[in-house]
Amino acid sequence: MLKRTPLFDKHLEAGGKMIDFAGWEMPINYGSQISEHKQVREHAGLFDVSHMTVVDISGEGTVDYLRTLLTNDIAKLDKPGMALYTAMLNEEGGVIDDLIVYSMSGFFRLVVNCATREKDLAWLNQQAASYDVEITERPELAILAVHGPEAIEKVCSLLTPEDAEVVMQLGNFKAAELGDRFIARTGYTGEKGLELIIPEQQAATLWDGLLAADVKPIGLGARDSLRLEAGMNLYGHDMDEETSPLAANMEQVITWTSEGRNFIGRDAVMKDKAKQIDGDLPYLTGLVLESRGVLREGQKVVTDTGEGVITSGGFSPTLGHSIALVRIPAGSKTCKVEMRGELVEARLVKPNFVRFGKKVFE
Amino acid sequence: MSTIKYTTSHEWIKLEDDGTASVGISENAQDLLGDIVFVELPDVGTEISAKQEVAVVESVKAASDIYSPVTGEVVAVNEVLLDAPETINASPEEDGWIFKIKISDESELDELMDAETYAEHIE
């Protein structure tokens, strides 16, 4: 039996084409992935991401615990209402998951991937043994993401004037607790927008309100093409437990220098750093195919220095051609992709294709 | 009235009055593929056998080979699809035809499914 979010009936009402996504019955699209993708780039779209796992961490030992558990340093979150993108590594330096951590009033909130829920919870609990912390999963919360150039004003049109004022003022990666609602300026699309973590009983009303305000529902298909255009990694595809964060374009989530802190996996990643300096560590970068055809995950690539693989690929509706993330040997300058038995020339670019509706690579 | 037949690989073939037939993918196939972003067409004049790969339809989800339902010669291709591949999503069994074929042996059509049998096949 597949799990359903509190918005399952709303997806059917909106014509959602439901699929099995990591054990959840979720909409892949509501008719056209490409129209939904463009809706987010040009106007505002609404995503149900209630399948993601919310975990609250509280107790005296929370800060010490999270500074050990996470690669990024939560000491940066020195007051409530801040967010940080980070990874959680195993002792070998492989990525257990990527996640966002929020500082709340009196506790911290983690939002982790749904496909990794069980192993993440097991790891969180295992590492908590020597800390005074309480780990509480919050399955009764729904998560709605609203993204696109019009997203923030659409959400604010449904809030009280006082709450709307607070949300309008939120900077990127900032958040606000408004009664029993938590609203954050975070997301996975490369557009401005909000993620709203709310009691499940409120989800349907908020959904209806946003649709009435002409925000359109967006399925997982467009969620994937939007994040790919934004050059954002997808766990289990662009990185996993066998991958060093340094081979997954994730160095920005590592805080190397902090007094008295040694996060799990640091020693292993230090060794990867040495390999990277010696030119022995593969790296994740962007690939563009301006001719016809679509780059797909798993396709082999051949560069001037060796072989690599496409970790995520697809058609970019904004650019009208295919883009991909590719892991290749250090120092590669040219790249050919094996497509349907032929080697096709593609172009290496920085792994960031579209931001705020516009092409961003050269 | 023109006869329409379907293959197990989800192509349709429609016999026209002039002895040629048009070929495309079924409504069900376009629905499974999702938004179509590229179509690769055969060259006019190509001789093909039944069940031979003749075109490629690439969607947001996957690349799919299109197989010729019958043996014959490609006599026309739908060039509209090169710039507007989404025509297949909008009208898979009319405007979204992919190529036209001059059939060598009409008896090959007997091996294909009629609309009713195809509807049962995809259930």
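The shown structure was predicted, so the numbers you read here are calculated from the model rather than taken from an experiment.

**A few points about the environment of Val77 of chain B**
Residue and element names in this part refer to chain B.
- Looking at where Val77 falls in the secondary structure, it is placed in strand E8 (residues 72-77).
- Along the backbone, Val77 and Glu16 are 61 residues apart, and their C-alpha atoms lie at a distance of 15 Å.
- In this structure Val77 touches Leu41, Pro42, Val44, Trp97, Ile98 and Phe99, once residues within four positions along its chain are discounted.

**Section: the interface of chain B and chain A**
- Listed as interface residues are 15 residues of chain B and, on the opposing side, 13 residues of chain A.
- Between chain B and chain A, the buried area comes to about 1200 Å², and carbon and sulfur atoms account for 46% of it.
- The interface formed by chain B and chain A holds 3 salt bridges in total.
- Notably, a salt bridge pairs Asp31 of chain B with Lys17 of chain A, separated by 3.7 Å at the nearest N-O pair.
- Our count for the chain B to chain A interface comes out at 13 residue pairs in polar contact (both at pLDDT 80 or more).
- Elements with a minimum of two residues in the side of chain B that touches chain A: helix H1 (27-33), strand E4 (36-40), strand E6 (53-59) and strand E7 (63-67) of chain B.
- Among the residues making up the side of chain B that touches chain A, the classes are represented as 9 nonpolar, 1 polar and 5 charged.

**What about the packing of aromatic side chains?**
- Summed over all chains, the structure comprises 5 aromatic pairs over all chains.
- Ring geometry for Tyr102 of chain A against Phe182 of chain A: centres 5.0 Å apart, planes inclined by 80°, an arrangement best described as edge-to-face. With Tyr102 of chain A in strand E6 (residues 95-103) and Phe182 of chain A in strand E11 (residues 181-184), the pair connects residues that are 80 residues apart, well separated along the chain.
- By relative accessible area, which is 2% here, Tyr102 of chain A ends up buried.
- Classification of Phe182 of chain A by relative accessible area gives buried; the value is 3%.
- Between Phe315 of chain A and Phe38 of chain B, the aromatic rings sit 5.7 Å apart at their centres with planes inclined by 85°, giving edge-to-face as the arrangement. Of this pair, Phe315 of chain A sits in strand E16 (residues 306-316) while Phe38 of chain B sits in strand E4, placing the two residues on different chains.
- Residue Phe38 of chain B is classed as buried on the basis of its relative accessible area of 11%.
- Looking at Arg4 of chain A, its charged tip hangs above the ring of Phe8 of chain A, at a distance of 3.8 Å from the centre.
- Here the basic side chain of Lys14 of chain B rests over the ring of Trp12 of chain B, its NZ or CZ set 5.1 Å away from the ring centre.

**Re the pairing of E4 of chain B**
All names here are of chain B.
- With respect to burial, E4 is a largely interior element, 4 of its 5 residues being buried.
- In terms of strand pairing, E4 meets E6 through 4 bridges, oriented antiparallel. By the bridge assignment for E6, Phe38 is matched with Glu58.

**Some details on the sheet that holds strand E2 (residues 11-15) of chain B**
Residues and elements named next belong to chain B.
- Read from one edge to the other, the open sheet built from 6 strands follows the order E1-E2-E3-E9-E8-E5, with strand pairing classed as antiparallel. In this open sheet, the two edge strands, each paired with only one partner strand, are strand E1 (4-6) and strand E5 (47-48).
- Bridge analysis of E2 against strand E3 (residues 20-25) gives 5 bridges, and the strand direction is antiparallel. Within the sheet, the bridge partner assigned to Lys14 lies in E3 and is Ser22.

Calculation criteria
- Residues numbered from 1 in each chain as written.
- Chains lettered and ligands numbered in written order.
- Predicted model: local features only at pLDDT ≥ 70, side-chain atom pairs only at ≥ 80, totals over all residues.
- Heavy atoms only, no water.
- Helix = DSSP H or I, 4+ residues; strand = E, 2+ residues; numbered from the N terminus.
- Contact = heavy atoms within 4.5 Å.
- Buried area = accessible area lost by both parts, 1.4 Å probe.
- Salt bridge = Lys/Arg side-chain N within 4 Å of Asp/Glu carboxyl O.
- Polar contact = N/O pair within 3.5 Å; in protein donor to acceptor, adjacent residues only side chain to side chain.
- Nonpolar A, V, L, I, M, F, W, Y, C, P; charged D, E, K, R; others polar.
- Phe/Tyr/Trp six-rings, centres within 6.5 Å; stacked < 30°, edge-to-face > 60°.
- Buried < 20%, exposed > 50% of the residue type's maximum accessible area, 1.4 Å probe, protein only.
- Lys NZ or Arg CZ within 6 Å of the ring centre and 35° of its normal.
- Pairing = 2+ DSSP bridges.

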